[in-house]
Amino acid sequence: MADPLVLPGFVNAHSHTFQRALRGRRTGGDFWAWREAMIAEAERQTPETVRREYAETYDEMRAAGYTAVGEFHYLGLPEGRAAAEAAGDAGVEITLLLTAYARGGSARFRQASVGDYLEQVETLRAEGLRVGCAPHSVRACPRDWFEEIGRLASEAELPLHVHANEQPREVEECLAEHGLRPIELLAETGCLGPRTTVVHATHADDRELDLLAAHGARVCLCPTTEGNLGDGFAPLMRLRERGVGICIGSDSNVRIDPLEELRELETTARRESGRREVFDTETLLCFGADEGAASLGLERWPEIEIDTGHRSLRGVEPGDLLDALILGCSAEVVRNASTEA
Ligand SMILES: [Zn+2]
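Below, the structure is looked at part by part. (Residues numbered from 1 in each chain as written. Predicted model: local features only at pLDDT ≥ 70, side-chain atom pairs only at ≥ 80, totals over all residues. Heavy atoms only, no water.)

**Things to note about the overall build of the protein chain**
- For the protein chain, the count of helices and strands is 14 helices and 11 strands.
- The C-alpha extent of the protein chain, read off along each of the three principal axes, is 60 × 45 × 40 Å.
- Out of the 341 residues belonging to the protein chain, those deemed buried represent 57%.
- Sequence-distant contacts in the protein chain: of pairs separated by 6 or more residues, those separated by 24 or more amount to 76%. (Helix = DSSP H or I, 4+ residues; strand = E, 2+ residues; numbered from the N terminus. Buried < 20%, exposed > 50% of the residue type's maximum accessible area, 1.4 Å probe, protein only. Contact = heavy atoms within 4.5 Å.)

Here it is, written out as structure tokens:
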């Protein structure tokens, strides 16, 4: 048998694992129609369904080469604990990105006050879980919530993840409410810094991207989900020009394959620029692993093995393996490596 290639495990920096249940389901003509179906699915969840179904999906992630996950969690504390147990079973390192949700969505997503939210974060931290702060979005949180959460995250040096600029309507509503675009609001409320990850940033303008770069914040791109939901194209060339760190996520879990996320990212940048090799392979692998780990505050996470004897890699020269991996393989080349960190 050919010697396996050992790589750092891929890091899934953004997952809503319960949404895996929607795979293949017809859920309406646009993002907002899909969101209704997604909320109905969220309402169905209990600690027991999370414990069982997340374990299955984390197992699917582990088999695809993701050995760490940022679970962007808005289903409640007992369900958060169940998610952490499920990840442990699957051998996946988890950072629970506990969501703050003030308005909209489902009643079960919401806390009564930002004080209640901060208390939930402290409770889970005291139980020994790796936790990050996640004000859901500018749709779901008012300005004072961002200020309070930004303060806690920076004092406690916690990761801060937030959806922003996913849909044009969200940007318009933010401008109407605050006179600011979403990433401008994050900057003004102390929520942008080196431990911040902005998820999507699809419709960010140049000034917003400048703010990300100036504050050392990252973006998390989720190309298979963004494509599936019709979000638009991530501003890849403009992120690249500014040297903004990029990580990846399986988000809605319509597809679970880190190589496909990275390939979509690179080939979208090629289509946009008319160039090739926009991000080199080492950079893409760094997006897939180290940047994700940094975004989740992780120092150690399991490695993976690539089956170099797999038919997808037949005839590939040893020096070309990494390029062939990104451009020519799906996650079926990942061997079920040890679950040791
Ligand atoms: Zn998301």
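**Observations regarding the layout of surface pockets**
- Taken as a whole, the largest pocket holds about 220 Å³ of empty space.
- Of all elements in the fold, only α1 (31-44) and α9 (223-229) reach the threshold of two or more residues within the lining of the largest pocket.
- Here the residues of the lining of the largest pocket sort into 5 nonpolar, 7 polar and 3 charged.
- Considering only enclosed or pocket space, the second largest pocket measures out at about 160 Å³ in volume.
- Together, Leu221, Pro223, Glu226, Gly227, Gly232, Phe233, Ala234, Leu236, Glu264, Leu265 and Thr268 line the second largest pocket.
- For the lining of the second largest pocket, the secondary-structure elements that each account for two or more residues are α9 and α11 (258-273).
- Residue composition of the lining of the second largest pocket, by class: 6 nonpolar, 3 polar and 2 charged. (1 Å grid on protein atoms, 1.4 Å probe; cavity = no way out; pocket = protein on both sides within 12 Å on 5 of 7 lines; lining within 4 Å. Points joined across faces, edges and corners; volume = space filled by probe spheres on them. Nonpolar A, V, L, I, M, F, W, Y, C, P; charged D, E, K, R; others polar.)

**Notes on the packing of aromatic side chains**
- Here the structure, examined in full by the defined rule, presents 8 aromatic pairs.
- Note on Tyr74 and Phe109: the rings are 4.5 Å apart at their centroids and 40° apart in plane angle, and the pair reads as tilted. Residue Tyr74 is found in the loop between β3 (66-73) and α3 (77-90), and its partner Phe109 is found in the loop between β4 (93-100) and α4 (114-126); the two are separated by 35 residues along the sequence.
- Relative to Phe109, the ring of Tyr101 has its centre 5.1 Å away and its plane inclined at 65°; by these criteria the two rings are edge-to-face.
- For Tyr101, a relative accessible area of 2% corresponds to the buried category.
- On the accessibility criterion, Phe109 (3% relative accessible area) is buried.
- Ring-pair connections join several aromatic residues into one group, and the members of that group are Phe18, Tyr74, Tyr101 and Phe109. (Phe/Tyr/Trp six-rings, centres within 6.5 Å; stacked < 30°, edge-to-face > 60°.)

**Focus: the coordination of the zinc ion**
- Looking at the metal site, the zinc ion is ligated by His14 (NE2), His16 (NE2) and His163 (NE2), spaced 2.0 to 2.2 Å from it.
- In primary sequence terms, the donor set of the zinc ion follows H-x1-H-x146-H. Linking His16 in the loop between β2 (10-15) and α1 with His163 in strand β6 (residues 160-164), this pair joins segments that are 147 residues apart in sequence. (Donors = N, O, S within 2.8 Å, 3.2 Å for Na, K, Ca; no water.)

**Quick look at the sheet that holds strand β1 (residues 5-8)**
- Here we have 3 strands laid out as an open sheet, ordered β1-β10-β11, and antiparallel in their pairing. Strands with a single pairing partner mark the edges of an open sheet, and in this sheet they are β1 and β11 (334-335).
- Here β1 pairs with strand β10 (residues 303-306) via 4 bridges, running antiparallel. What sits directly across from Val6, in β10, is Glu305. (Pairing = 2+ DSSP bridges.)

**Details of helix α5 (residues 143-156)**
- Between the first and last C-alpha of α5 there are 20 Å, a value that for 14 residues agrees with the 20 Å anticipated at 1.5 Å per step.
- Among the residues of α5, those classed as buried are Trp145, Phe146, Ile149, Gly150, Leu152 and Ala153. Axial view of α5: buried residues confined to an arc of 165°, hence all on one face.
- Where α5 is buried, its residues touch β4, α4, β5 (131-135), β6 and α7 (182-188).
- Looking one or two residues past α5, Glu157 carries a phi angle of roughly 55°, positive in sign. (Expected span 1.5 Å × (residues − 1). Arc of directions from axis to C-beta.)

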